[in-house]
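Residue-level structural notes
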Amino acid sequence: MNVKEKIGYNIIDNAINKEDFTYLKNIFFDEVPWFYRKQTTGDETREISDYFTHSLYCDKQENSIHFAYVYYLFKQILHMHDIKEIRANLTFSKNKKIQTKFHTDVKENEPYNTSAIFYLNTNNAETVLFKKNSVKVDAIENRLLIFDNQISHCSYFPTDIRRRIILNFNYFDSNKK
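Right, let's talk about the sheet that holds strand β7 (residues 123–131) for a bit. The antiparallel open sheet is built from three strands, whose spatial order is β8-β7-β10. Pairing within the sheet leaves two strands with one partner each, and these edge strands are β8 (133–139) and β10 (152–155). Pairs of neighbouring strands in the sheet enclose a mean axial angle of 20°, with direction left out of account. In terms of strand pairing, β7 meets β10 through four bridges, oriented antiparallel. Considered in β10, the bridge of leucine 129 is made with histidine 153.

The following block contains the structure:
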């Protein structure tokens, strides 16, 4: 059994075709409005963990004109059946590498079984998954990280680029039993 099977994750590089990726990247780097949030995972200090978000879908409601396009691109890849949330997260560079708190995106009793992160740019702010063992997943543009949503994870603030943008998906995977 390899580490991916033990921890329960999958990585798809070049997840979407180049034209769609370029269009998607332009949307999130140049078009969408961003909304300030004080902290990433609930208990860091404001100075360290503030970030911006753009909600595409949350709690059975479309919140962005870009939801339909994002949903179209990822529905088949992710086997999305019932969606809790899809949002974009924007973090800015810090002068030192700062880790967020380990967390899960949904509560244990919720029916959503899968989380995914789609990286819109390459940077040194990797994602760390932890379930008895830990694994670091490099943030590489057009990479899709899919994992069981009960796996604790954290990320870092980048130091090598001005901004890190990811799409975060929390949903029910219709192929999981």
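There's more to say after this.
Glancing now at the packing of aromatic side chains. Going through the model one piece at a time under the given rule, you end up with 10 aromatic pairs. Residues phenylalanine 52 and phenylalanine 92 carry aromatic rings whose centres are separated by 5.9 Å and whose planes lie at 90° to one another, so their mutual orientation is edge-to-face. Taken together, the residues phenylalanine 52 in strand β3 (residues 51–58) and phenylalanine 92 in strand β5 (residues 80–92) connect sequence positions 40 residues apart. Phenylalanine 52 sits in the partly exposed class, given a relative accessible area of 25%. Of the residues examined, phenylalanine 92 reaches a relative accessible area of 29% and is grouped as partly exposed. Grouping aromatic residues by their ring pairs yields a cluster made of Phe21, Phe74, Phe118 and Phe169. Sitting over the face of the ring of tyrosine 156, lysine 97 holds its NZ or CZ atom 5.1 Å from the ring centroid.

Cut-offs applied
Residues numbered from 1 in each chain as written. Predicted model: local features only at pLDDT ≥ 70, side-chain atom pairs only at ≥ 80, totals over all residues. Heavy atoms only, no water. Pairing = 2+ DSSP bridges. Helix = DSSP H or I, 4+ residues; strand = E, 2+ residues; numbered from the N terminus. Axes fitted to C-alpha atoms, helices over the stretch in contact; angles between N-to-C directions. Phe/Tyr/Trp six-rings, centres within 6.5 Å; stacked < 30°, edge-to-face > 60°. Buried < 20%, exposed > 50% of the residue type's maximum accessible area, 1.4 Å probe, protein only. Lys NZ or Arg CZ within 6 Å of the ring centre and 35° of its normal.

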